[in-house]
Amino acid sequence: MGGYGGYNEKLRRINLSSDKTGEEKLADNLAENYLGGRGIASKILMDELEANIDPLGPENKIIFISGPLTGTVIPTTSRLCIPAKSPLTRLIGCGFCGGHFGPALKFSGYDGLIIEGKSDKPVYIWMNDGKVEIKDAAYLWGKDTFETEDLIKKELKDRRIEVACIGQGGENKVRFASVVHRKHFLVGRRGMGAVMGSKNLKAVVLKGTGGINVASSPEKIWQVYDEVLEIMDKNPVVTLFRDHGTAASVALVNQLGFMPTRNFQSGVFEKISSVDEKAYFNLSFKPFSCWGCPVYCRRILKGKKVTFSRPEHQTTFALGSLLENGDTEEVIRANLLCNQYGLDCISTGGTIAFAMECYQRDIITKEDTNGLDLSWGNSGAINKLIKMIALREGFGDILADGSRLAAERIGRGSQKYAMHVKGLEVPGYDPRGAKGIGLNYATATRGADHNDGWTIAEELYVEGVDRLTNEGKGELTKEIQDKSKTIDSAIFCMFALREGFKGKKDDVVPERFIREELPSGASKGEKLDLETLLKDYYNVREWDEEGFPTENKLKGLGLEEYINLVK
Ligand code: SF4
């Protein structure tokens, strides 16, 4: 070991069709040219997946991968990345989660696992310090993610193992099924759980007791650790985050009039005080953290009716304001159900909100919904629908494919109420109230993903940045997208192009954001001028007016091999 500090320089490949497993060296060009787990995994998928494959077919591959800092003492670096071709967007579908799985992977002696093929029966992968077994999971099939983790720990009689598993959502190939780890950490978006389900893979289980290799001396690492801690200690945003998690922004976004409400019909939620950070803060709690992180931003809340993790901003919006669900504990309960069944909260909420608006407008009735009253705020119906989606029961089967495909099946003009970009449901900031995030939704190569370019960090918190102007938003969005993806962003673009991405024709947002003004609150009257924003963005990126990188741009990035994709 030792060529590339931070890496074990080894990948493990596991083929579920043949039960064959093998060790591979992390290729020099991968470690040198593609920073971090996301970049390396993207390049592997780009090279190994044929164009236009079925994401739920055995030819898709799913990768579990860590980054070069994972497992070190540097705070907030414990993340796990899981990429595959997404069944929801049909683009590459990388997702991340915190917790303990990423460091365990690193300590097991590998940087990543490449899982391919399809088992003919339910199985789970058990990697004990690098020794791989494919184990029978028939007794786990049909269990939720909480039961699955508990049963595997009981079977293996070792509480030090780390489990990443799917619930009924993944088994039933719900296109936005998640992978769940330690009950509270989710690789949520884009349906990685469905890819596992399509391979009959119930869980990946690890134990790692080794050390890790770093490029610099231990003294230098500890020095960086101290510096990072000092910066964090002085930063008031970290204190806010420690107390409230990402829910810290709920009341502010509502006050500024862009908290998505009733499927983006409004930017002001009248019952916000029941689901904002203060409402959660009033419940008794126990803090917890990801591996090695001193921030402890996560909390288990104990209510009168339910005990579970504090909802994040995105959960509060998707299972709260978006559905007009204004009961603190019912939002926590819906979050709990999503984690148990293994469903992404944003797409679950976005798809149910689509159905509720169709119900409001008489596009669907109780005859379509198996008798459910889908009036706004009906938390009983919301909870039932979450279960029906996970089990693909009745009307839930239609919604289990996400709002884009559900609208295609329902028809009758419902398409305009499906609030997605490239198949991915829109996150918790109405783009009419923050133009940069709207531009990011339109251009992010993974669909409407706030994490691809979280311009909100500046539009909300940096003095002098005007959230309502178009001016400068091309530069801001590019800069933040590039930071988010570091240097591997071009790989994602190339993958998207290969899968039939049509440049500007695909850089769209739901018509509502362009044609309808926000009706009330601090952003009243705002719409999104996407044409102007895109023009600025393409210009800043040095792309042509159709939204494709120019030949010169690709040459400049050393990506000559992909020039034919844009011709
Ligand atoms: S505890 Fe909070 S701040 Fe720390 S890594 Fe986890 S999510 Fe990030």
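Anyway, here's the lowdown on the structure attached to this text.

Calculation notes
- Residues numbered from 1 in each chain as written.
- Predicted model: local features only at pLDDT ≥ 70, side-chain atom pairs only at ≥ 80, totals over all residues.
- Heavy atoms only, no water.
- Pairing = 2+ DSSP bridges.
- Helix = DSSP H or I, 4+ residues; strand = E, 2+ residues; numbered from the N terminus.
- Axes fitted to C-alpha atoms, helices over the stretch in contact; angles between N-to-C directions.
- Buried < 20%, exposed > 50% of the residue type's maximum accessible area, 1.4 Å probe, protein only.

On to the sheet that holds strand E14 (residues 298-302). The strands making up a sheet associate through hydrogen bonds between their backbones, and the pairing can be parallel or antiparallel. One open sheet accounts for 3 strands, arranged E13-E14-E15; its pairing is antiparallel. Strands with a single pairing partner mark the edges of an open sheet, and in this sheet they are strand E13 (284-288) and strand E15 (307-309). Taking the axes of each pair of neighbouring strands and ignoring which way they run, one obtains an average angle of 20° across the sheet. Two strands pair when backbone bridges link them, and E14 and E15 are joined in this way by 3 bridges, in the antiparallel orientation. In the sheet register, lysine 302 faces E15, and the bridge partner there is threonine 307.

Our focus in this paragraph is unusual backbone geometry. At arginine 392, a residue that is not glycine, the phi angle is positive and equals roughly 55°. Position of arginine 392 relative to the elements: it lies in the loop between helix H14 (379-391) and helix H15 (395-399). Given the relative accessible area of 22%, arginine 392 is considered partly exposed. In this model, glutamate 542 sits at a positive phi of 60°, which is unusual for a non-glycine residue. Topologically, glutamate 542 is positioned in the loop between helix H22 (530-541) and helix H23 (551-556).

Overall, mixed pairing links the 6 strands, which are arranged E8-E7-E12-E9-E10-E11 in an open sheet. Each edge of the sheet is formed by a strand with only one pairing partner; in this case those strands are strand E8 (131-136) and strand E11 (185-187). Each adjacent strand pair in this sheet contributes to an overall mean axis angle of 20°, direction not counted. Judged from the 2 bridges that link them, strand E9 (residues 162-165) and strand E10 (residues 179-181) form a sheet pairing that is antiparallel. Following the sheet pairing, cysteine 165 is matched in E10 by valine 180.

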